[in-house]
Amino acid sequence: MKILLSNDDGIDASGILAAKHAVSDLGDTILVAPSSQQSGIGHALTLFEPLRVNKVRLMDDDMGYGVSGTPTDAITIGIFEILDKFPDMVISGINTGMNTGKAELTTSGTLGAAIEAASFGIPTIAVSQHVSDDDIKFDEGEVEIDFSASKKVLHNLVRKVIKEGFPKGIDILNLNVPTNPDSLEPVIAPLGDRMYWPVVEKRHDPRGRQYYWIDGDEYEGNPKDSDAYILDCENLPTLTPLTLDMTHNVDYLREWYG
């Protein structure tokens, strides 16, 4: 069992090392991730700059690979350059901060890496941990976070995939775990609407010119059966099946158009 691990928080992030330790007894792991923080980059691919790959000594003295690009770049380099064949599984994470709901899903670099891997038919898991302190979501390098619950839930999920096979018709399993969940059993739930409601802050620089920061307030309108609500309000892990095919009802559109 060969497991490729990546993320959007960077090769030095605590979460990817936690994911490695969570599954190291289930297969051979290799870490290929962006060299630096890439949160919010989505499924972006670097086309107009060269990519560099450096071996990096991890905090557990193992070696990984840092790619000077996006999570999608890291997956591409990992699959087509570093590995000699497709991995049996890809895990993206453990991300610092949840990845729930429809609105932010395609802006997430964690999901960007997962989408790229899944597009090649590789069983893929995206895993994120909800944290109450937003300030640590975008820190560079190792952050002191207790990933013990996420590690247990991820380990159990990967072990089930190995035993049962990846569920048919599903491209990505999107796993979200609270820091201290009330249960380690994930609730299978659909996507909510969104994590945040956009807030645009207008400021002025020392020369009087306007500039903007895009921020957000926590969104409180998610349905009670959704991943976002269950994770945040019920303090339970959630597992959401995702597919890459965004095609809707072709027959209906033909009828509507014709």
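The structure under discussion appears in the preceding block.
Thresholds, definitions, all that
- Residues numbered from 1 in each chain as written.
- Predicted model: local features only at pLDDT ≥ 70, side-chain atom pairs only at ≥ 80, totals over all residues.
- Heavy atoms only, no water.
- Helix = DSSP H or I, 4+ residues; strand = E, 2+ residues; numbered from the N terminus.
- Buried < 20%, exposed > 50% of the residue type's maximum accessible area, 1.4 Å probe, protein only.
- Contact = heavy atoms within 4.5 Å.
- Areas by Shrake-Rupley, 256 points an atom, 1.4 Å probe, with all protein chains shown as cover.
- Lys, Arg positive; Asp, Glu negative; His and termini not counted.
- Charge placed at Lys NZ, Arg CZ, Asp CG, Glu CD.
- Pairing = 2+ DSSP bridges.
- Axes fitted to C-alpha atoms, helices over the stretch in contact; angles between N-to-C directions.
- Salt bridge = Lys/Arg side-chain N within 4 Å of Asp/Glu carboxyl O.

Teacher, can you tell me more about the overall build of the chain here?
Of regular secondary structure, the chain possesses 6 helices and 11 strands. Viewed in the frame of its principal axes, the chain has a C-alpha envelope of about 55 × 50 × 45 Å. Across the 258 residues in the chain, those meeting the buried criterion constitute 46%. Here the analysis covers contacts within the chain between residues at least 6 apart in sequence; of these, 76% occur between residues at least 24 apart. Approximately 13900 Å² of the chain is accessible, and the part contributed by carbon and sulfur atoms is 50%. Measuring between centres, the 21 positive side-chain charges of the chain sit 3 Å from its 41 negative side-chain charges.

Could you clarify how one ought to interpret the environment of aspartate 84 in this entry?
With respect to the helices, strands and loops of the structure, aspartate 84 is situated in the loop between α2 (71-82) and β5 (89-96). Residues aspartate 84 and threonine 96, spaced 12 residues apart in sequence, show a C-alpha to C-alpha distance of 30 Å.

Where do I start with the sheet that holds strand β8 (residues 187-188) in this structure?
Hydrogen bonds between backbone atoms are what pair the strands of a sheet, whose relative direction is either parallel or antiparallel. Overall, mixed pairing links the 9 strands, which are arranged β3-β4-β2-β1-β5-β6-β7-β11-β8 in an open sheet. A strand with exactly one partner marks an edge of an open sheet, and here the two such strands are β3 (53-57) and β8. This element, helix α4 (residues 148-164), spans β5, β6 (124-130), β7 (172-178) and β11 (238-242) of the sheet and lies at about 155° to β7.

Sorry, what's going on with the pattern of salt bridges here?
A side chain of one charge can pair with a side chain of the opposite charge when the charged atoms of the two come close. All chains considered together, the criterion is met by 5 salt bridges. The salt bridge partner of aspartate 62 is lysine 20, with a shortest N-O separation of 3.3 Å. Here the residue aspartate 62 occupies a position in the loop between β3 and β4 (63-67), and lysine 20 occupies one in helix α1 (residues 14-23), the gap between them amounting to 42 residues. A salt bridge links glutamate 201 to arginine 203; its shortest N-O distance comes to 2.6 Å. Take arginine 203: its relative accessible area is 36%, and that puts it in the partly exposed class. One network of salt bridges, with partners in common, ties together Lys20, Asp60 and Asp62.

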